[in-house]
Amino acid sequence: MSNDQLVQLLAQTALKNQVAFSELYQHTSSKLYSIALRHLKRTDWAEEVLQECFVSIWHRAIDYRSGSSAPLTWMSAIVKNRSIDWLRRPHYEEPDVDGTLTEALADDALGPLDQLVQTGETAAIVRCLQELETKQKQLINFAFFDGLSHSDLAKSLKIPLGTVKSAIRRGLIQLKGCLSL
């Protein structure tokens, strides 16, 4: 496919033309995939990076300037840069084929709720939790007994992150005061 045709496809993609974007993908994905694979040396990573790059191309097609570079050069630079970024970030999703990582992280310690039951402080905690506002009680239960992060709570309950953090903090201060009596 000629540069002029690719320029036209990018221009149509900038206008959010899905057919043009699909055609652009069909004509360039194998070349861009090979660039990602050459940098990353893993097919699964190259596939991930290629997908991210095409999402980026979809959103940034409007920024393409035909006078600055050829379309394939512009898209190749996106793939190359994304591949380098991919290599720099930590990859915690490494497969644990033989289970050694899982065994190393396994912990026989009791969870927070089990610790409360074992120490006999359950009644005091329950009593003090009942004194909290409903929202504070709910947030503390989700955060400490279900292990949800503040950001997960904010997303699932559709409330601002700062509201979650301050409600939990105020609730914990109130619990501390109640338990120290």
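Residues numbered from 1 in each chain as written. Predicted model: local features only at pLDDT ≥ 70, side-chain atom pairs only at ≥ 80, totals over all residues. Heavy atoms only, no water.

Should the sulfur atoms of two cysteines be covalently bonded, the bond is a disulfide. Here the structure, examined in full by the defined rule, presents 1 disulfide. Each sulfur in the disulfide pair C128 and C178 lies 2.0 Å from the other. In this structure the cystine formed by C128 and C178 twists about its S-S bond by roughly -80°; its chirality is therefore left-handed. Here the residue C128 occupies a position in helix 7 (residues 122-130), and C178 occupies one in helix 10 (residues 161-179), the gap between them amounting to 50 residues. Across the pair, exposure class does not vary: C128 and C178 are buried alike. (Disulfide = S-S within 2.5 Å. Helix = DSSP H or I, 4+ residues; strand = E, 2+ residues; numbered from the N terminus. Buried < 20%, exposed > 50% of the residue type's maximum accessible area, 1.4 Å probe, protein only.)

Helix length check: helix 10, at 19 residues, gives a terminal C-alpha distance of 27 Å against a target of 27 Å (1.5 Å per residue), a fit within 8%. Along helix 10, the residues classified as buried are V164, A167, I168, G171, L175 and C178. Looking straight down helix 10, one finds that the buried residues subtend no more than 95° of arc, so they occupy a single side. Exposed and facing more than 90 degrees away from the buried side of helix 10 are R169, I173 and K176. (Expected span 1.5 Å × (residues − 1). Arc of directions from axis to C-beta.)

So, about helix 8 (residues 134-145). The first and last C-alpha atoms of helix 8 sit 16 Å apart over 12 residues, in line with the 16 Å expected at 1.5 Å per residue. Among the residues making up helix 8, those that are buried are Q136, K137, L139, I140 and A143. For helix 8, the arc enclosing every buried residue in end-on projection is 165°, short of the 170-degree limit, so these residues lie on one face. G147 sits one or two positions beyond helix 8 and adopts a positive phi of about 75°.

Relative to the elements of secondary structure, P71 occurs in helix 4 (residues 71-88). Relative accessible area serves as the criterion here: at 1%, P71 is assigned to the buried category. Expressed as a C-alpha distance, the spacing of P71 and Q5, which sit 66 residues apart in the sequence, is 9.4 Å. The residues contacting P71, other than those within four sequence positions of it, are N3, L6, V7, L10 and Y64. (Contact = heavy atoms within 4.5 Å.)

Take the packing of helix 2 (residues 18-40) against helix 3 (residues 43-60) next. The contact between helix 2 and helix 3 brings their axes to 9 Å, and the two run at 140°. Relative to helix 3, the element helix 2 is oriented oblique. Relative to helix 3, helix 2 is oriented so that their crossing is right-handed. Across from Q18, F21, L24, Y25, T28, S29, L32, Y33, A36, L37 and L40 in helix 2, the residues of helix 3 making contact are T43, W45, A46, E47, V49, L50, F54, I57 and W58. (Axes fitted to C-alpha atoms, helices over the stretch in contact; angles between N-to-C directions. Parallel < 35°, antiparallel > 145°, perpendicular 65-115°, else oblique. Left-handed = near helix turned anticlockwise from the far one by under 90°.)

Now for the nonpolar core. L10, L24, L32, L40, I57 and W74 are the most contacted members of the largest nonpolar core, which has 26 residues in total. Those elements that place two or more of their residues in this core are helix 1 (3-14), helix 2, helix 3 and helix 4. Per-element tally for this core: the top contributor is helix 3, with 8 residues. Setting aside its immediate chain neighbours within four residues, I57 contacts L10, T13, F21, L24, L32, W74, M75 and I78. Judged by nonpolar contacts, the second largest core, of 14 residues, contains I125, C128, L153 and C178. (Core = buried A, V, L, I, M, F, W, Y, C linked by side-chain atoms within 4.5 Å.)

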